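Observations on the three-dimensional arrangement
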Amino acid sequence: QVQLVESGGGLVQAGGPLRLSCAASGSIFSINVMDWYRQAPGKQREMVARITRGGSTNYEDSVKGRFTISRDNAKNMGYLQMNSLKPEDTAVYYCKAIIRRVLVGPLENYWGQGTQVTVSS
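Residues numbered from 1 in each chain as written. Predicted model: local features only at pLDDT ≥ 70, side-chain atom pairs only at ≥ 80, totals over all residues. Heavy atoms only, no water.

1. Some words on the overall build of the chain
Stated precisely, the cut-off is as follows: In this description a helix means any DSSP run of H or I spanning at least four residues, a strand means any run of E spanning at least two, and both kinds are numbered starting from the N terminus. Our radius of gyration is a C-alpha quantity, and the globule rule it is checked against amounts to 2.2 Å times the number of residues to the power 0.38. Contact definition: two residues touch when any of their heavy atoms are within 4.5 Å. Charged-residue counts in this description rest on Lys and Arg as positive and Asp and Glu as negative, His and the chain ends being excluded. Lys charges are placed at NZ, Arg charges at CZ, Asp charges at CG and Glu charges at CD.
Counting its secondary structure elements, the chain contains 0 helices and 11 strands. Put simply, the chain runs from its N terminus to its C terminus through helices and strands in the order β-β-β-β-β-β-β-β-β-β-β. Its C-alpha atoms give the chain a radius of gyration of 14 Å, within 12% of the compact-globule value 14 Å for 121 residues. A separation of at least 24 residues holds for 54% of the contacts in the chain among residues at least 6 apart in sequence. Counting 14 positive and 9 negative side-chain charges, the chain places the averaged centre of each group 5 Å from the other.

2. Some details on the state of the cysteines
Operational definition: Two cysteine sulfurs form a disulfide in these notes if their separation is within 2.5 Å. Note on classification: 1.4 Å probe, protein chains only; a residue is buried when its accessible area is under 20% of the maximum for its type, exposed when over 50%, partly exposed between these limits.
By the definition in use, this model includes 1 disulfide. Between the sulfur of Cys22 and that of Cys95 lies a disulfide, 2.1 Å long from S to S. Across the S-S bond linking Cys22 and Cys95, the dihedral sits near -75°, which makes this disulfide left-handed. With Cys22 in strand 3 (residues 18–26) and Cys95 in strand 9 (residues 91–100), this residue pair connects regions lying 73 residues apart in the sequence. Since its relative accessible area comes to 1%, Cys95 is described here as buried.

3. Quick look at the sheet that holds strand 1 (residues 2–7)
The line we're drawing: Strands were regarded as paired on the criterion that DSSP finds at least two bridges between them. For every element, the axis is a line fit to its C-alpha atoms; helices are fit only across the contacting stretch, and the angle between N-to-C directions ranges from 0 to 180 degrees.
Taken together, 4 strands build an open sheet; the order of strands is 1-3-8-7 and the sheet is antiparallel. A single partner strand is all that each edge strand has here, and the edge strands are strand 1 and strand 7 (67–72). Each strand axis lies, on average, 15° off the axis of its neighbour in the sheet, ignoring direction.

4. Quick notes on the pattern of salt bridges
We count it as follows: We define a salt bridge as a contact between a side-chain nitrogen of Lys or Arg and a carboxyl oxygen of Asp or Glu at a distance within 4 Å.
For the coordinates displayed, the defined rule picks out 6 salt bridges. Between Arg38 and Glu46 there is a salt bridge whose closest N-O contact spans 2.8 Å. Assessed through its relative accessible area of 6%, Arg38 is described here as buried. Residues Asp89 and Arg38 are paired through a salt bridge, measuring 2.9 Å at the closest nitrogen-oxygen approach. Taken as a pair, Asp89 in the loop between strand 8 (77–82) and strand 9 and Arg38 in strand 4 (residues 30–39) lie far apart in primary sequence, 51 residues in all.

5. Here's the deal with the environment of Arg100
Selection criterion: Each polar contact in these results corresponds to two N or O atoms within 3.5 Å; when the atoms are within protein, one needs to be able to donate a hydrogen and the other to accept it, and residues that are neighboring in sequence are counted only if both atoms are side-chain atoms.
Along the chain, Arg100 turns up in strand 9. Between the C-alpha atoms of Arg100 and Ser7, which are 93 residues apart in sequence, the distance is 23 Å. In this view, Arg100 contacts Ile28, Phe29, Ser30, Gly105, Pro106 and Leu107; residues no more than four positions away in its chain are not counted. Of the polar contacts made by the side chain of Arg100, one reaches the backbone oxygen of Gly105; its length is 2.6 Å.

6. Regarding the packing of aromatic side chains
Where we set the bar: Pairing of aromatic side chains here covers Phe, Tyr and the six-membered ring of Trp, requires ring centres within 6.5 Å, and sorts the geometry by plane angle: under 30 degrees stacked, over 60 edge-to-face, intermediate tilted. Any Lys NZ or Arg CZ found within 6 Å of a ring centre and within 35 degrees of that ring's normal is scored as a charge over the ring.
Counted under the stated rule, the structure contains 2 aromatic pairs. An aromatic cluster of three or more residues is present, and its members are Tyr37, Tyr94 and Trp111. When the ring centre of Tyr79 is taken as origin, the NZ or CZ atom of Arg19, which lies over that ring, is 4.1 Å away.

See the structure below:
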């Protein structure tokens with residue numbers, strides 16, 4: 001059993017920062033990729049940032065230069081530092097991880113339950 005739990009969401013004024021955390025627990029051999037997604041009301045879920053096990057990162061264009069994704073492989077933790085937040089960043093943010101549960105097992109996708117981020121203007 002694997003569980004992902006996000007934390008750190010909340011209400012923040014435009015221009016402010018917020019840091020999200022994602023804790024992965026359970027039967028985990030290794031975490032391949034960690035992603036942060038978001039879903040605003042009435043919109044499709046979109047990926048905002050990705051980090052590989054080796055530390056390579058990718059960002060959705062609208063968050064480049066403002067968001068920073070990171071991870072701690074030893075602790076099975078992922079983070080999303082969000083700076084210069086805008087009202088259009090308001091959404092539920094989800095952590096997703098591609099995990100191998102045993103040495104020769106398959107890669108499997110796991111999602112957290114989401115954390116609400118609200119940016120007021």
